[in-house]
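Residue-level listing of the chains:
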Amino acid sequence: MNRLRGTARVRALFLLSRAHVLEFVREPGVVFWAFGFPILLSWALGLAFLSPHPVRAVFLVEPSDSAAVRARLPDSALVSLRAAKGTEVLRLLRRGEASGQILLKDGSLVLRADTTSQEGATARILVERATLAAAPPVRLEPPAATAGGYADFLFPGMLALGLLNGCAWGIGFGLMDLRLRKLLRLFAATPLPRLDILLSVAFARAVTLPVESLLLWGFGALVFGVSIHGSVATFLLCAASSVAAFAGIAFLAASRAEQSQAAYGIINALTIPMTICSGVFFAWTRFPHWLHPVVGALPLTLAVDALRAVSSEGAGLVQVLPRIAGLWAWGLVCGALGLRWFRWR
Amino acid sequence: MTAPALQARGVVKRYGPLVAVAGVDLSIAPGESVALLGPNGAGKTTLVEMLEGLVSPDEGAVLVDGLDWRTEASSIRGRLGTCLQDAKLPERLKVRETLELFCSFHGKGKERSDELLALVELDSHRDHLCGKLSGGQRQRLALACAIAGAPRILVLDEPTTGVDPAARRQIWEILGHLRTAGTTLLLTTHFMDEAVVLCDRVVLLEAGRILDEGTVPELLERGGAASLDDLFLRLAGRRIAE
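Every residue gets a number counted from 1 within its own chain, in the order that chain's sequence is written. To label them, take the chains in the order written and letter them from A, then take the ligands in the order written and number them from 1. Local features in a predicted model are, by the rule used here, given only for residues with pLDDT of at least 70; side-chain atom pairs are given and counted only at 80 or more, and totals for whole chains, interfaces and linings are based on all residues.

A. Quick look at the overall build of chain B. Per the convention used, a helix needs a DSSP run of H or I reaching at least four residues, while a strand needs a run of E reaching at least two, with both numbered from the N terminus. The number of helices and strands found in chain B is 9 helices and 10 strands. Atoms considered for the radius of gyration are the C-alpha atoms alone. The globule rule reads 2.2 Å times the number of residues to the power 0.38. The globule rule puts the C-alpha radius of gyration for 242 residues at 18 Å, and the 18 Å found for chain B is close to it. Taking the principal axes of the C-alpha coordinates as reference, chain B spans close to 50 × 40 × 40 Å. A residue is called partly exposed when the number of other C-beta atoms within 10 Å of its own lies between 12 and 20, exposed at 12 or fewer, and buried at 20 or more, with C-beta atoms placed from the backbone. Burial analysis of chain B (242 residues in total) assigns 48% to the buried set.

B. A look at the overall build of chain A. Across its full length, chain A holds 13 helices and 4 strands. Over its C-alpha trace chain A gives a radius of gyration of 26 Å, far above what one expects of a compact globule, namely 20 Å for 345 residues. Seen through its C-alpha atoms, chain A measures out along the principal axes to roughly 95 × 45 × 40 Å. Burial statistics for chain A: of 345 residues in total, 39% are counted as buried.

C. Focus on the interface of chain B and chain A. Placing a C-beta atom from the backbone of each residue, one calls two residues in contact when those atoms lie within 7 Å. In this assembly, 23 residues from chain B lie in contact with 26 residues from chain A. Residue assignment for the side of chain B that touches chain A shows that the elements contributing at least two residues are helix H2 (69-77) and helix H3 (95-104) of chain B. Grouping the amino acids of the side of chain B that touches chain A by side-chain chemistry returns 8 nonpolar, 8 polar and 7 charged. Residue polarity is assigned by list, with Asp, Glu, Lys and Arg as charged and Ala, Val, Leu, Ile, Met, Phe, Trp, Tyr, Cys and Pro as nonpolar; anything else, Gly included, falls into the polar class.

D. Quick look at the domain arrangement of chain B. All names here are of chain B. Bear in mind that the domain bounds are from an automatic or database domain assignment. Assigned domains within chain B: domain 1 (6-79 + 151-241) and domain 2 (93-150). The straight-line distance from the C-alpha centre of domain 1 to that of domain 2 is 25 Å. Domain 1 puts 13 residues into the contact, and the matching count from domain 2 is 13 residues. Of the residues forming the side of domain 1 that touches domain 2, the biggest block, 5 residues, is contributed by helix H6 (residues 165-180). Tallied by class, residues from the side of domain 1 that touches domain 2 come to 8 nonpolar, 4 polar and 1 charged.

E. Local environment of the packing of H3(B) against helix H5 (residues 135-146) of chain B. Residue and element names in this part refer to chain B. Axes here refer to lines fitted to C-alpha atoms; in helices the fit is confined to the stretch in contact. Angles between the N-to-C directions go from 0 to 180 degrees. Running from amino to carboxyl end, H3 crosses H5 at an angle of 25 degrees, the nearest separation of the two axes being 9 Å. Taken as axis vectors, H3 and H5 run roughly parallel relative to one another. Remark: the crossing between H3 and H5 carries right-handed chirality. The residues of H5 that touch H3, namely those facing Val95, Thr98, Leu99 and Phe102, are Leu141, Ala144 and Cys145. Note on terminology: angles under 35 degrees are roughly parallel, angles over 145 are roughly antiparallel, angles of 65 to 115 are roughly perpendicular, and the others are oblique. Each crossing is labelled by how the near helix is turned from the far one, with a counterclockwise turn of less than a right angle marking it left-handed and a clockwise turn marking it right-handed.

F. Local environment of the domain arrangement of chain A. On domain assignment, one finds that chain A holds domain 1 (6-49 + 149-341) and domain 2 (57-131). Distance from the C-alpha centre of domain 1 of chain A to the C-alpha centre of domain 2 of chain A: 45 Å.

G. Just helix H9 (residues 232-253) of chain A, in detail. Expected span of a helix, by definition, is 1.5 Å for each gap between consecutive residues, and there is one gap fewer than residues. For H9(A), built from 22 residues, the straight-helix expectation of 32 Å at 1.5 Å per residue is met to within 8% by its first-to-last C-alpha distance of 31 Å. Burial runs high along H9(A): 17 of the 22 residues are buried.

H. Region of interest: unusual backbone geometry. Residues and elements named next belong to chain B. The backbone phi angle of Glu158 is positive, close to 45 degrees, even though this residue is not glycine. With respect to the helices and strands, the residue Glu158 is situated in the loop between strand S7 (153-157) and H6. The exposure class assigned to Glu158 is buried, which follows from the 21 C-beta atoms found within 10 Å. Here the phi dihedral of Ala207 falls at roughly 50 degrees; this positive angle occurs in a residue that is not glycine.

I. Structural context of the confidence of the model for chain B. Residue and element names in this part refer to chain B. Mean pLDDT over chain B: 88, with 96% of residues reaching 70 or higher. Taken element by element, the predicted model of chain B shows its lowest mean pLDDT in helix H9 (residues 228-241) (69) and its highest in H3 (95). ipTM for the predicted complex: 0.85, alongside a pTM of 0.79. One number per residue, pLDDT, summarises how confident the predictor is, and it ranges from 0 to 100.

J. Examining the pairing of strand S10 (residues 209-214) of chain B more closely. Residue and element names in this part refer to chain B. Examined bridge by bridge, strand S9 (residues 201-206) and S10 share 5 bridges and lie antiparallel to one another. The residue bridging Glu206 from the neighbouring strand is Arg209, located in S10. Connecting S9 to the antiparallel partner S10 that follows it, the hairpin turn spans 2 residues, and Ala207 within it adopts a positive phi of roughly 50 degrees. We call two strands paired when DSSP finds no fewer than two bridges between them.

K. Spotlight on the nonpolar core. Within the largest apolar cluster, 144 residues are counted, with the highest numbers of intra-cluster contacts made by A:Ala160, A:Leu163, A:Phe246, A:Ala250, A:Ala303, A:Leu307 and B:Leu36. Broken down by element, this core gets its largest block of residues, 18 residues, from helix H6 (residues 150-180) of chain A. With residues up to four places along the chain from it excluded, the contact list for A:Ala160 reads A:Ser242, A:Val280, A:Leu300, A:Ala303, A:Val304 and A:Leu307. To define a nonpolar core, we join buried Ala, Val, Leu, Ile, Met, Phe, Trp, Tyr and Cys residues through C-beta atoms within 7 Å and take the resulting set. Residues A:Ala57, A:Phe59, A:Leu73 and A:Ala123 belong to the second largest nonpolar core, which totals 14 residues.

L. Up close: the sheet that holds S10(B). Residue and element names in this part refer to chain B. Pairing is mixed in the open sheet, where 6 strands are placed in the order S6-S7-S8-S3-S9-S10. Two strands in the sheet have a free side with no partner beyond their single neighbour: strand S6 (80-83) and S10. Recorded for the sheet is a direction-independent mean angle of 15 degrees between the axes of neighbouring strands. Looking at chain direction, S7 and strand S8 (residues 184-188) are connected through 5 bridges and run parallel. Residue pairing across strands places Ile153 opposite Thr184, the latter belonging to S8. Of the strands in this sheet, S9 and S10 touch helix H8 (residues 216-223), which is tilted by about 115 degrees from S10.

M. Expanded view of the environment of A:Pro191. One can find A:Pro191 in the loop between helix H7 (183-188) and helix H8 (194-224). For A:Pro191 and A:Pro273, which are 82 residues apart along the polypeptide, the C-alpha to C-alpha distance reads 40 Å.

N. Representation of helix H12 (residues 299-313) of chain A in the model. Residues and elements named next belong to chain A. For H12, with 15 residues, the first-to-last C-alpha span of 20 Å sits near the 21 Å given by 1.5 Å per residue. Most of H12 sits out of view: 14 of its 15 residues are buried. Of the residues flanking the end of H12, it is Gly314, one or two places downstream, whose phi is positive at about 70 degrees.

O. Expanded view of the environment of A:Ala123. Residue and element names in this part refer to chain A. By the secondary structure assignment, Ala123 is in helix H5 (residues 118-131). Counting along the chain gives 170 residues from Ala123 to Pro293, while the straight-line C-alpha distance between them is 32 Å. Contacts of Ala123, omitting those with residues within four sequence positions, involve Ala57, Ser99, Gly100 and Ala113.

Given below as structure tokens:
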């Protein structure tokens, strides 16, 4: 047989895709990192940021000033004072065990805190609020819906990050690993079309990625009440577009590497900066303004923003279309370059 | 006139300043069995990779059954079986899954994979993971994968490197069967006895060029050596001295 055609070609493609899936699921370590770790990380972050206890800021006071400060700023549900002096003050602030220091200067209270951080700004408000004894108390009501909580912010980001990692490791590293094990050459020397060899890696991910994503999102929905406020179809389109972008980038990243150290380096260089910058764990708009055009155009940023816009804000297709177009542009350009430069040996 | 099974016409391959293959002409007749010998770095693997169509020559042409790799690649692939040096089969696939996979690449089904399992005597290991096989078993499986499509031409790059003597004998037996059945064999090896046992003709390669070629007695006579080992050591020694 010279050329592989019709059902024989489909069967070979199916068996090769299945082989990649079997190799994946038979490796317990890989299964943990793909399925278990994102859920554990999301759970830990969810617990840390969704504490059922109200915010209570701890401020440090000099032991000698303690009584005078407490007279004007008594311990409350929002504010707590802790006596400390000398190097102890610095140590507690550095450990994040206190939000700031309150001093008594010329009979006035002075708050020493970094108010450029969110925690510092909150601390300032809490101190000002506590010292305004005459002000009418604020009435508190529970929120009408869970929307707007950190889980609603976090889970679309974690989902996009999972898709990036799935493509980077599953497709990018997977192809490099096939090359390093000389399997790529072995496959390429058979009548199976080379395009099918590449497609088989993508098809294998098309099986595992939805499972990984469903597990993560299901966990968010069950444990933290995360839900999709917009259209599910639009949300799925955003996820599919994200996969297209990440797959193209992973393919380009995998096109040349010949050594395992290079393979690990390339995948880490691809994923780690975007994990930090692209707004998975905190809003990327907190970076300096001059960085916004760069960070905003990163594929993970586009994916996170699109998924978050649909799930948390209920955005429609028209609103996320520019981001979807950006994702496809990333995927197509990188995929075409990867195909051009791809090395089979 | 029948076209040669494998033919290299003035092939040259350079990697930057290094000339790995410097103008090689080689012709192997259908059913012939040829060993490519030479010290490390002689250009054996590069020449084999060009014959397998994995590397394109910078100059010259490579033909399989009279078909040019540059224009007839898809027609050639089904005719050629390849067993690469140090290729690692999928470690977490079972033996039968691996063979079924390689058979499917040639449009062949389960019957062929069962036949191959029997041929390479891995029937009892069909449900073992490839990663759990011994070196010899793994090499026999690699050979079975290479002949999954029942190729007329088989190219083997150091097929018995790293396996114990008993496993080597088993591989020789399988190759002997294939040879008897009329398969054209080209193999690179460092084992002189392998070349003597399996091949009709030996090609000596050094520094990317063919130094000499012929039957073993012809080479020994021309080289004034008592054995192929001596001839090989002279070649290797010359390179070390240089």
